[in-house]
Amino acid sequence: MAKAATTITAARAPAQAGRDFSAKGVKLAVLAPAERISLRAPEASIAALSKALGVTLPQKAKTSATKDGRTALRLGPDEWMVIDEKGNDPLADCAGVKQLHSAVGISHRNVAISVTGPAAAACINSGCPQDLSLAAFPVGACSRTILGKSEILLLRTAEDAFRVECWRSFSDYVFTFLAQAATDAAA
Amino acid sequence: MLLIRCPYCEEERPELEFRNAGEAHIARSTNIAAESDEDFEKFFFIRSNPKGIIFERWRHIHGCARFFNAVRDTVSDKFVMTYKAGEPKPDLAKIMKTDKPAAVAAEVDPQEDKTKKPAAKRAAQKGDA
Ligand SMILES: [Zn+2]
């Protein structure tokens with residue numbers, strides 16, 4: 001038997017850390033790093049995974065579920081992203097689940113930007129073609145979609161608040177796009 | 001912008017979230033190595049490219065990421081219907097009864113047809129090739 005592996009911890013260098021922007025009616029802020037996993041699983045595994053994660057994986061299109069700082073976003077019929085903002089690792093929680101699933105740690109892949117204020121939806125809509133009215137995209141709704149030329153993951157956290165997740169290498173573009181959109185939305 | 005109904009998301013979503021993935025219902029041979037060159041060419045390269053109704057694969061790439069099938073009119077760009085991958089090819093006669101597409105309904109203008117010659121021919125006529 002080999003010796004127990006030593007844990008190697010790498011220093012984080014979060015992209016766009018601390019960046020923020022304010023315009024009339026819209027505030028942008030780059031959010032703190034979070035733990036994230038990409039989860040794929042068939043229907044038969046959902047109950048066991050939900051129990052292990054402590055949050056029920058939603059099965060309806062465009063919905064999410066949040067409990068104790070952990071949010072499960074339903075992206076497709078068998079695909080979720082789980083975001084943990086309290087430093088607990090959802091990957092470790094899935095490791096003990098025997099039912100068929102694939103959990104991949106993607107914490108560092110994404111950067112999250114909060115878009116808040118009465119003009120938040122207008123700001124995002126300047127580059128995202130989805131209907132963001134409260135009827136079509138209520139609080140808790142989430143979807144993979146696009147903003148300008150970048151793919152994003154959009155979650156409505158309150159009536160006038162969104163979490164925009166994008167890939168790290170697109171984060172400068174997405175933030176700059178949103179800042180310009182916020183200026184336009186205020187005008 | 002077109003709105004395309006994703007059968008997995010069960011709602012109409014903006015076309016920018018989708019990507020076309022070629023003609024649908026082209027079955028790959030279960031024994032591809034035994035295919036004759038002619039049959040392989042047909043399977044691999046030859047597409048129907050109709051003027052009017054076409055059955056296509058589409059992918060909701062910037063959404064649920066699923067492949068699905070769509071019935072589309074290549075003249076008007078109208079999406080007649082969409083359905084999940086693996087579901088049988090819909091009966092064209094039945095679709096037409098409920099939703100007659102523009103290309104079939106409209107009279108084809110013969111004058112318009114005359115202008116639609118291959119690019120090479122047009123260039124030769126103009127003499128500026
Ligand atoms: Zn979809």
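Residues numbered from 1 in each chain as written. Chains lettered and ligands numbered in written order. Predicted model: local features only at pLDDT ≥ 70, side-chain atom pairs only at ≥ 80, totals over all residues. Heavy atoms only, no water.

1. Details of the interface of chain B and chain A
- Chain B puts 14 residues into the contact, and the matching count from chain A is 14 residues.
- Buried area between chain B and chain A, both sides added, is near 1000 Å², and the carbon and sulfur share of it is 52%.
- Per-residue buried area on chain B facing chain A is highest for Arg13, His62 and Arg66 of chain B; these three make up 35% of the total on that side.
- Taken together, the connections running from chain B to chain A amount to 2 salt bridges.
- Close ionic contact of Lys62 of chain A with Glu11 of chain B constitutes a salt bridge, the shortest N to O distance being 2.9 Å.
- At the boundary of chain B and chain A, one finds 8 residue pairs in polar contact (both at pLDDT 80 or more).
- Across the side of chain B that touches chain A, the residue classes break down as 8 nonpolar, 2 polar and 4 charged. (Contact = heavy atoms within 4.5 Å. Buried area = accessible area lost by both parts, 1.4 Å probe. Salt bridge = Lys/Arg side-chain N within 4 Å of Asp/Glu carboxyl O. Polar contact = N/O pair within 3.5 Å; in protein donor to acceptor, adjacent residues only side chain to side chain. Nonpolar A, V, L, I, M, F, W, Y, C, P; charged D, E, K, R; others polar.)

2. Some remarks on the packing of aromatic side chains
Residue and element names in this part refer to chain B.
- Overall, the coordinates contain 9 aromatic pairs over all chains when judged by the stated rule.
- Relative to Phe45, the ring of Phe44 lies with its centre 5.1 Å away and its plane at 90°, an arrangement referred to as edge-to-face.
- Taking relative accessible area as the criterion, Phe44 reaches 45% and is therefore assigned partly exposed.
- A centroid spacing of 5.3 Å and a plane angle of 70° characterise the contact between Trp58 and Phe79, whose relative ring orientation is edge-to-face. With a gap of 21 residues between them, Trp58 in strand S4 (residues 53-59) and Phe79 in strand S6 (residues 79-84) connect regions that are remote in the sequence.
- Under the relative-accessibility criterion, Phe79 is labelled buried at 15%.
- Put simply, the rings of Phe40, Phe43, Phe44 and Phe45 touch in pairs and so form one group of aromatic residues.
- In this arrangement the basic side chain of Lys89 is found over the ring face of Phe55, its NZ or CZ atom lying 4.6 Å from the centre. (Phe/Tyr/Trp six-rings, centres within 6.5 Å; stacked < 30°, edge-to-face > 60°. Buried < 20%, exposed > 50% of the residue type's maximum accessible area, 1.4 Å probe, protein only. Helix = DSSP H or I, 4+ residues; strand = E, 2+ residues; numbered from the N terminus. Lys NZ or Arg CZ within 6 Å of the ring centre and 35° of its normal.)

3. Focus: empty space enclosed by the protein
- Evaluation of the coordinates by the stated rule reveals 1 cavity of 30 Å³ or more.
- The computed volume of the largest cavity comes to approximately 60 Å³.
- Looking at the largest cavity, the residues that line it are Ala61, Lys62, Arg74, Leu75, Cys142, Ser143 and Arg144 of chain A together with Cys9, Arg13, Gly63 and Cys64 of chain B.
- Of all the elements in the fold, those that place two or more residues in the lining of the largest cavity are strand S5 (70-76) and strand S9 (142-147) of chain A.
- If you tally residues by element for the lining of the largest cavity, the top one is S9 of chain A, at 3 residues. (1 Å grid on protein atoms, 1.4 Å probe; cavity = no way out; pocket = protein on both sides within 12 Å on 5 of 7 lines; lining within 4 Å. Points joined across faces, edges and corners; volume = space filled by probe spheres on them.)

4. A few points about the environment of Ala61 of chain A
- One can find Ala61 of chain A in the loop between helix H1 (46-53) and strand S4 (64-67).
- We classify Ala61 of chain A as buried; its relative accessible area is 19%.
- Here the alpha-carbon distance between Ala61 of chain A and Ile124 of chain A, two residues 63 residues apart in the chain, equals 21 Å.
- Filtering out sequence-adjacent residues up to four positions away, Ala61 of chain A remains in contact with Arg74 of chain A together with Tyr8 and Cys9 of chain B.

5. Examining the domain arrangement of chain A
All names here are of chain A.
- According to the domain assignment, chain A consists of domain 1 (18-32 + 109-187) and domain 2 (34-106).
- Put simply, the middle of domain 1 and the middle of domain 2, counted by C-alpha atoms, are 23 Å apart.
- Across the contact, 17 residues belong to domain 1 and 14 residues belong to domain 2.
- Each partner contributes to the roughly 1300 Å² buried at the junction of domain 1 and domain 2, and carbon and sulfur atoms together form 51% of this total.
- When the buried surface of domain 1 facing domain 2 is broken down by residue, Arg109, Cys142 and Arg144 rank first, second and third, together holding 38% of it.
- One salt bridge in this structure joins Arg144 and Glu79, with 2.9 Å as the shortest N-O distance.
- Our enumeration of links across domain 1 and domain 2 arrives at 8 residue pairs in polar contact (both at pLDDT 80 or more).
- Of all the secondary-structure elements, those providing two or more residues to the side of domain 1 that touches domain 2 are strand S8 (110-116), S9, strand S10 (150-158) and strand S11 (161-167). (Domains from an automatic or database assignment.)

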